[in-house]
Amino acid sequence: DDTIAPSIECIDNQTVFVDDNCLYMLPDYTTASIVDDNCGVMTVEQSMAAGTEISLGSYDITVTATDADGNATSCTFTVDVLDNTPPVITCPEDQVEEFDTDCAFTLIDYTGLLSANDNCSDVTISQFPPVGTLVTENTTVTLFANDAYGNESSCSFTVILEDTIDPEITCSESIEVFNDTEVCGAMIEYDAPVATDNCTVASVVMTEGLASGEIFPVGVTTVTYEVT
């Protein structure tokens, strides 16, 4: 009788990664094991079986070599199943926002605009710059999607700021009249209009009438200024 058990040497511990369905299919590890027997006829089996789909975690795989006389030797190694697939995301388009009365904008929460899903877990979404940040110019906002296993995806869009608030203008209430006996009219002096805006006054232009210090004719002269 043959009473000598086969010799067997397993492969090293394995680190593998799940697929898009958060599963990993075990391969056939028997062919990777080094086995030998004094008589040379044997079977090699593994538990868990090849083709088994496993999820995240750590699994002990045992490979057993058995010769024709029933002598058996086993070895065990570990398969660590991890997730290295980042979330799949769809970034929002650029966002158009309006300046406030101080020519600024307070960033709102844009995380709800990000479409994100993951193969293994729920997704946590965050934003930078964070909600509540005061900005005064077009600003790039980045959204991050993180799964429970440390994988991250990110994308960016631009917050485009527009000024939709009209400027304000106050006409002069101080008018001085200097009569001129040599002409049919009078020299009128008045203070320049006062213009303000939430952001910037680009120009103040007289579009109708006569400037301060000019001779105004007899009658009604309408003076109009436009602020942009």
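Now for a look at the structure at hand. (Residues numbered from 1 in each chain as written. Predicted model: local features only at pLDDT ≥ 70, side-chain atom pairs only at ≥ 80, totals over all residues. Heavy atoms only, no water.)

### As for the nonpolar core
And step 1. Ranked by size, the top nonpolar core spans 16 residues in total, and within it Y24, Y29, F77, V79 and V81 carry the most contacts.
And step 2. Residue assignment for this core shows that the elements contributing at least two residues are β7 (57-67) and β8 (72-82).
And step 3. Among the elements that make up this core, the one with the highest residue count is β8 (4 residues).
And step 4. The contact partners of F77, leaving out residues within four places of it in the chain, are C10, I11, D12, N13, Q14, Y29, Y59, D60, I61 and V63.
And step 5. Within the second largest apolar cluster, 14 residues are counted, among which are L114, A145, C155 and F157. (Core = buried A, V, L, I, M, F, W, Y, C linked by side-chain atoms within 4.5 Å. Buried < 20%, exposed > 50% of the residue type's maximum accessible area, 1.4 Å probe, protein only. Helix = DSSP H or I, 4+ residues; strand = E, 2+ residues; numbered from the N terminus. Contact = heavy atoms within 4.5 Å.)

### Structural notes on the sheet that holds strand β16 (residues 152-162)
And step 1. An order of β10-β16-β15-β13 is seen for the 4 strands of this open sheet, with the pairing classed as mixed. The outermost strands of the open sheet, each flanked by one partner alone, are β10 (95-98) and β13 (124-128). Going from strand to strand, the sheet's axes swing by 30° on average, the running direction of each strand aside.
And step 2. For β10 and β16, the ladder comprises 4 bridges, and the chain directions are parallel. Note on β16: the bridge partner recorded for Q95 is V159. (Pairing = 2+ DSSP bridges. Axes fitted to C-alpha atoms, helices over the stretch in contact; angles between N-to-C directions.)

### Thoughts on unusual backbone geometry
Backbone geometry follows two general trends: most residues other than glycine have a negative phi, and most peptide bonds adopt the trans configuration.
And step 1. Of note, the amide linkage connecting S47 to M48 takes the cis form, showing an omega dihedral of 20°.
And step 2. Of note, C22 is a non-glycine position whose phi angle comes to about 60°, a positive value.
And step 3. Structurally, C22 is set in the loop between β2 (14-17) and β3 (24-25).
And step 4. Look at C22 and you get buried, because its relative accessible area is 9%.

### Topic: the environment of S47
And step 1. By secondary structure assignment, the location of S47 is in strand β5 (residues 42-47).
And step 2. Accessibility expressed as a relative area gives 46% for S47, which makes it partly exposed.
And step 3. Along the chain, S47 and V183 lie 136 residues apart, while their C-alpha atoms are 116 Å from each other.
And step 4. Excluding anything up to four places from it in sequence, S47 contacts D60, I61 and T62.

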